[in-house]
Amino acid sequence: MSPLANRRFLKMNGLGNEIVVLDLRGTDVRVRPEEARAIAGNALSRFDQLMVLHDPSLAGVDADMRIYNTDGSESGACGNGTRCVAWALVADPEMGMPGSETLTLRTRAGLLPVVVEGERVFTVDMGAPKLAWQDIPLRDPFPDTRYIELQIGPIDAPILHSPAAVNMGNPHAIFFVDDVDAYDLPRIGPLLENHPIFPERANISLAQVLSRTRIRLRVWERGVGITQACGSAACAALVAAARKALTGREATVALPGGELTIRWRERDDHVLMTGPVALEHEGRFDPALFTGLAEPA
Ligand SMILES: N[C@H](CCC[C@H](N)C(=O)O)C(=O)O
């Protein structure tokens, strides 16, 4: 029987970005990609990201996190999911560190300090963006990642071209456009996500700058598809917009699922993301989800 059978999970969302939180602290159980896909395939536990908590691997860290996409691949960052994990740690009776006002979470991309702003509002310090082409990563050496050479559509009349590239713990490409609704993102997204210029694939965003302090954003997520919101993409879009002098260093990013406030702090280059979370329900994984999967090696 899978060690995940009957384990308790929380189904949450951050601006409609569907998140499942699973606490595996105190165990040495690891979620395998095929198990993540099975969990995503169930109506009660479907997710855009599965956030799995493990015992902290460093002093001062409250929990390590592994982040799975729907296709079973892993990401180093998930802004919306990190807020959900923070809520679970401060408010869930069984996961509880009740009353904490700050937390530190750790992913394979680094440390994520979180400030509790209110009962359901959290600010995550997403760290400093990485902007060098090797760090996005990109296949080719672009000296200036504010505009990289990439286009789709006819060579002399491209549909989209010259995105900015930013790594926020995960790779992002952002196309600045006049109208985010004017593009067939479900069709274009997979072509760009899997373009050979991105050796680790990429999250693909369309960004429309409405003013110096407001950006509209639609996102095709790596390993997932269209989502209602993507926190790391909102951070990447603000960084790219500020680097192009289209906005200042603080803006509201409006996604289909709602709004995030993003601030790119001068002092240490860190990007701070503030937004809400919602708890939908809790449940336990039906053992039948995992039957037929290969036994762990
Ligand atoms: N929804 C997430 C991002 C997931 C990114 C993931 N799709 C990847 O990088 O593989 C967020 O709120 O930041």
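Residues numbered from 1 in each chain as written. Predicted model: local features only at pLDDT ≥ 70, side-chain atom pairs only at ≥ 80, totals over all residues.

**Here we look at helix 3 (residues 185-193)**
In plain terms, the rule: Think of it as a crowd count around each C-beta: if 20 or more other C-beta atoms lie within 10 Å the residue is buried, if 12 or fewer it is exposed, and in between it is partly exposed, with C-beta placed from the backbone throughout. Counting from the N terminus, the helices are DSSP H or I runs at least four residues long and the strands are E runs at least two residues long. In this context, the arc is that of the directions from the helix axis out to the C-beta atoms. For every residue pair, C-beta atoms are placed from the backbone, and the pair is scored as a contact if these atoms sit within 7 Å.
Along helix 3, the positions that sit buried rather than exposed are G189, L192 and E193. Down the axis, helix 3 shows its buried residues gathered within 95° of arc, on one side only. Buried residues in helix 3 make contact with strand 9 (151-152), strand 12 (171-176), strand 13 (203-211), strand 14 (214-221) and strand 15 (225-227).

**What to know about the UniProt feature "binding site: substrate" (unreviewed entry) in the protein chain**
Heads up, the rule is: UniProt positions are given in the numbering used here, feature names are shortened, and annotations may be inferred rather than shown by experiment.
Under the present numbering, the feature "binding site: substrate" (unreviewed entry) in UniProt falls on N17, Q49, N69, G79, N80, N170, N203, E221, R222, G231 and S232. Within the secondary structure, N69 is located in strand 4 (residues 63-69). Assessed through the 25 C-beta atoms surrounding it within 10 Å, N69 is described here as buried. The contacts of N69, once residues within four sequence positions are left out, are Q49, S75, R222, G223 and V224. Contact partners of N203, with chain neighbours within four places excluded, come to N170, P171, H172, V219, E221, R222, C230 and A233.

**Notes on unusual backbone geometry**
Most peptide bonds take the trans form, and the phi angle of most residues other than glycine is negative. A cis amide bond links I136 to the next residue, P137, at an omega of -5°. For R201, which is not glycine, the phi dihedral falls at a positive 60°. With respect to the helices and strands, the residue R201 is situated in the loop between helix 3 and strand 13. Judged by C-beta crowding, with 17 C-beta atoms within 10 Å, R201 ranks as partly exposed. Positive phi outside glycine occurs at A245, with the angle close to 60°. Mapped onto the fold, A245 is located in the loop between helix 4 (231-243) and strand 16 (250-255).

**Notes on the site of the ligand**
Heads up, the condition is: In this analysis, residues qualify as near a molecule or strand once their C-beta atom, positioned from backbone atoms, comes within 6 Å of it. Residue classes follow a fixed rule: Ala, Val, Leu, Ile, Met, Phe, Trp, Tyr, Cys and Pro count as nonpolar, while Asp, Glu, Lys and Arg count as charged, and any other residue, Gly among them, counts as polar. For every domain, the bounds stem from an assignment made automatically or drawn from a database.
Taken together, 20 residues surround the ligand, and among them S75, N80, N170, G231 and S232 come closest. Elements with a contribution of two residues or more to the shell around the ligand: helix 2 (79-91) and helix 4. Of the residues assigned to the shell around the ligand, the class counts are four nonpolar, 13 polar and three charged. Residues lining the shell around the ligand come from more than one domain, with at least three contributed by each of domain 1 (8-127 + 278-289) and domain 2 (133-269).

**Topic: the pairing of strand 17 (residues 258-264)**
Convention followed: The pairing criterion for strands is at least two bridges between them, as found by DSSP.
Both strand 16 and strand 17 contribute to a ladder of six bridges, which runs antiparallel. Considered in strand 17, the bridge of A251 is made with I262. Where strand 16 folds back on strand 17, the antiparallel hairpin that results is connected by two residues. Bridge analysis of strand 17 against strand 18 (residues 271-276) gives four bridges, and the strand direction is antiparallel. Following the sheet pairing, I262 is matched in strand 18 by M273. Once strand 17 ends, the chain turns through six residues before running back antiparallel as strand 18, passing D269 with a positive phi of about 75°.

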